[in-house]
Amino acid sequence: MKLFVNETAVECTDDKNLLRFLRDDLHLSSVKDGCSEGACGTCTVILDGKAVKACTRKLSRLEGSHVITVEGLSDREQEVYAECFAEAGAVQCGFCIPGMVLSAKALIDVNNNPTRKEVKQAIKGNICRCTGYVKIEEAILNAATYFRENLPIPPKETDASLDRRFKRVDAKDKTLGIGKYCDDLEFDGMIHAKALRSKYPRARINKIDISKAEKHPDCVRILTAKDVPQNKIGHIVQDWDVMIPEGSVTRYIGDSIALVGSLKRESLDKILALIEVDYTELEPVTSPTDALKADAPLIHSSGNIMSKEYLKKGNVAEALRNSAYTVTRKYFTPFNDHAFMEPECAVALPWGDDGLYLYTGGQSVYDEQRECSLMLGIPKEKIHVHSMLVGGGFGGKEDMSVQHHAALMAWYTKLPVKVKFSRQESINCHTKRHATEMEFTTACDKDGRLTAMKALIIADTGAYASLGGPVLQRACTHAAGPYNFQNIDILGMSVYTNNVVAGAYRGFGVTQSCFAMENNINLLAEMAGISPWEIRYRNAVRPGQVLPNGQIVDPNCAIVETLEAVKEVYETHPHAGIACAFKNSGKGVAVKDIGRCILSVENGIVHIRTSAACMGQGMATVCTQMVYEATKIDPSCIVHESPDTERTPDSGTSTASRQTVVTGEATKRAAEKLAAALAHKKLADLEGQEFYGEYFAQTDPLGAAKDFPVSHVSYSYATQVVILDDAGKVARVVAAYDVGTPVNIQSVEGQIEGGVIMGLGFALTEDFPVAGGYPKGKLGTLGILRAPDVPPVEVILVRHNREKLPFAYGAKGVGELCLIPTSPAAAHAYYRLDGMLRDRLPIKNTGYRKQRVLAAGQP
């Protein structure tokens, strides 16, 4: 079979699909494998002038065809797309971007003056989970202008000050497919590994017979639980089996039974099919309600309650009795998949004397080092972990998924090993947002002043703990919202079941409790005879007041300003919904939380060295701008290194919206030391020197016996308005945010826009059905919004002249807060449209999801 790729004649004798040919035979790594199901568009190429998905095309049907990848673009095209995508802020994790560029080229080649609607249609086959498409559309429109008017590329920026537009430092490499993700790595002699997963959510493993599988000619090694030195690992609680041993009981369908190493990736499933497992199927526990019954089987020997939180302040019973209005409602939010565009992948190979070199794409190289060393029973220093680019995370790459399996197989075979999830493996095995049942009672006086709230929050944490404990804690500590009242009674439980594992997910539990609280506030406003905007304005915390958790509100708090920024747009649209939210930055509640940074001067360049992982939020750019703010060193003389356990100090997990604050402050402190040295010397005179910065975010434990405990070092605040048209579709979203000092305007706006669209998906279209412990979704059926479905999003960054926070130049986190108020705002908009309270997600009876009516007439 002969065809032309980037104007070069090539041929292949195997009738494989085009994606595998481009990646495996021609090593064109800009063409990404996001699903191999024709759903995501990360493998988009141009085939005979049209944008197509390479994973859906067989070579036998492409005889004589011409294929273009990003590597084949002209120099002019490459520089224009790199400039426009960087300037617009269209690049976050970057995994989808080469495909977006080719969809853009296919459009612009035939229409160099497209409308935004035409751009949306052109990229409708490409999913972006990070940006919400808004800035990608802007980038494509700008690129069309560059080509149409033959505009010159502007010179490189030299001013990287905070609170201004500045192109991301990694945008070009991601746009042009130059930057490498784990799956782009190849090594001589590399084998592939994959786990055999449990057939049942709950079953006893009687026997595992690998004898037939071992005889397959491509089989290198098969490992089972007996080969694992320490079979229990876990991010916080060590309760997660590396593999389920004979005689034990599986806990969910993602449990590993055996691990196969194969010479060829294509042979993995054939070898796995030869492994014979004798099961005794058991009845699964598939709801927290069932798990809490006295006669329920134990998922873990410690019991089915994974964690419990109880927050009590004031006298709730008395406050409720004396309140003029009280509302009690039950709410439910479902499991939700992160659907990051890059499926999990890791590569491990021998390193030094009895050590391992592990390439990953997770949210902390030090977490990966710790868990893999625990599993193997070797010192941490024996495992060198290096992070490649990370194609999205949103919390879903905090736990071990493929890293430990790659390390284990490499440890035994002494060969390079790649483990990569298929998209369906990723959906079935990695953690989800917690499905949560809630009962909220909220009260106010006759003037609408909140007086008390009581809540019961029950989260389904699935088969293993993951980060279920901290997620439950945030759901509880933020349940009362950013409002000024002091009577709370909150009981939360995170419960083990045989469902998919639930863990960290953007919003970290606050997404669920905010949905309940904000809906109750709307009902109280009705009863008090005031508007939903007014009840929030009367109760929103002001500087110096006290949050329901007892913490004094910082002088920089600007939630009132966010409400003022959206008042007119809310009050002038009859079908507009409103919601407020707040979210902590940093781990808080006395958990050790340290940011670290080394600045080293090497060959006249300042190297920023910190392990803070970037899953798309822009840590390299944040750190670069922090260094520039302190030193005024030209950005071209600053380079940010990838996280690496040998080169970069431990700056903790990229979680809890902490890195801009915690590692940002550490970088600032290191940069101030460098600036002090530069006051008397030139950069060249500092060759070989290092400057170290560290910041310890000190907080008080939950329930601390002191007045006004500091639960978190900072909070960000937001108000969102979701506006519907008469047909029940979202026409516009206005999002006002207090993020302190914005570090990078494009990045802050892009985070908020992407979070809003993710929030709309959670509210309106996304679902992750689990029946009897079995996930029922595929990437193409999860309900992820695509570009034509996305409404305009207006971002308002509120500013004030009050005192800033004393760290990171006053910057605060935004990565999680950006989606938290979206679902309650959307629910409120529909309530104003038709008078029906939406107490479950995804919202039914909308322009997106019509409620089905069964034959018996029951909805």
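Attention here is on the structure that accompanies the text. Keep in mind the model is a prediction, meaning the values are calculated, not measured.

Topic: the overall build of the chain
Here's step 1: Along its length, the chain carries 21 helices and 31 strands.
Here's step 2: Rg of the C-alpha trace for the chain: 27 Å, near the compact-globule value of 29 Å for 859 residues, within the 12% margin.
Here's step 3: The dimensions of the chain, computed from C-alpha atoms along their principal axes, are 80 × 70 × 60 Å.
Here's step 4: For the chain, buried positions account for 64% of its 859 residues.

So, the packing of aromatic side chains
Here's step 1: Applying the stated criterion across every chain yields a total of 15 aromatic pairs.
Here's step 2: With 4.7 Å between their ring centres and 25° between their planes, Tyr357 and Tyr359 make a pair best called stacked.
Here's step 3: The class for Tyr357 is buried, based on a relative accessible area of 16%.
Here's step 4: One cation-aromatic arrangement involves Lys397 over Phe340; the distance from NZ or CZ to the ring centre is 4.4 Å.
Here's step 5: Against the face of Tyr537 rests Arg542, its NZ or CZ located 4.9 Å from the ring centre.

As for the environment of Ala139
Here's step 1: Its place among the elements puts Ala139 in helix H5 (residues 134–149).
Here's step 2: Those residues within four positions of Ala139 in sequence are excluded, and the remaining contacts are Cys84, Phe85, Ala88 and Ala90.

Side note on the sheet that holds strand E26 (residues 690–696)
Here's step 1: In spatial order, the strands read E25-E24-E23-E26; together these four strands make up an open sheet with mixed pairing. Two strands bound the open sheet, and with one partner strand each, they are strand E25 (638–640) and E26. The sheet shows a mean angle of 20° between the axes of neighbouring strands, direction not considered.
Here's step 2: Sheet analysis places strand E23 (residues 594–602) next to E26, joined by seven bridges and oriented antiparallel. What sits directly across from Gly595, in E26, is Tyr695.
Here's step 3: With respect to the sheet, helix H18 (residues 619–631) is in contact with E23, strand E24 (605–609) and E25, its orientation differing from that of E25 by roughly 150°.

Here's the deal with the nonpolar core
Here's step 1: Of all hydrophobic cores here, the largest spans 150 residues; its most connected members are Phe85, Ile136, Met453, Tyr737 and Ile752.
Here's step 2: By size, the runner-up hydrophobic cluster in this structure holds 57 residues, among which are Ala193, Leu196, Cys219 and Leu272.

Brief notes about unusual backbone geometry
Here's step 1: A cis amide bond, omega -10°, links Leu841 with the succeeding residue Pro842.
Here's step 2: Tracing the sequence through the fold places Pro842 in the segment after helix H21 (822–834).
Here's step 3: The phi angle at Asp48 is positive, at roughly 50°, despite the residue not being glycine.
Here's step 4: Relative to the assigned elements, Asp48 resides in the loop between strand E3 (44–47) and strand E4 (50–53).

What counts and how
Residues numbered from 1 in each chain as written. Predicted model: local features only at pLDDT ≥ 70, side-chain atom pairs only at ≥ 80, totals over all residues. Heavy atoms only, no water. Helix = DSSP H or I, 4+ residues; strand = E, 2+ residues; numbered from the N terminus. Rg over C-alpha atoms; globule rule 2.2 N^0.38 Å. Buried < 20%, exposed > 50% of the residue type's maximum accessible area, 1.4 Å probe, protein only. Phe/Tyr/Trp six-rings, centres within 6.5 Å; stacked < 30°, edge-to-face > 60°. Lys NZ or Arg CZ within 6 Å of the ring centre and 35° of its normal. Contact = heavy atoms within 4.5 Å. Pairing = 2+ DSSP bridges. Axes fitted to C-alpha atoms, helices over the stretch in contact; angles between N-to-C directions. Core = buried A, V, L, I, M, F, W, Y, C linked by side-chain atoms within 4.5 Å.

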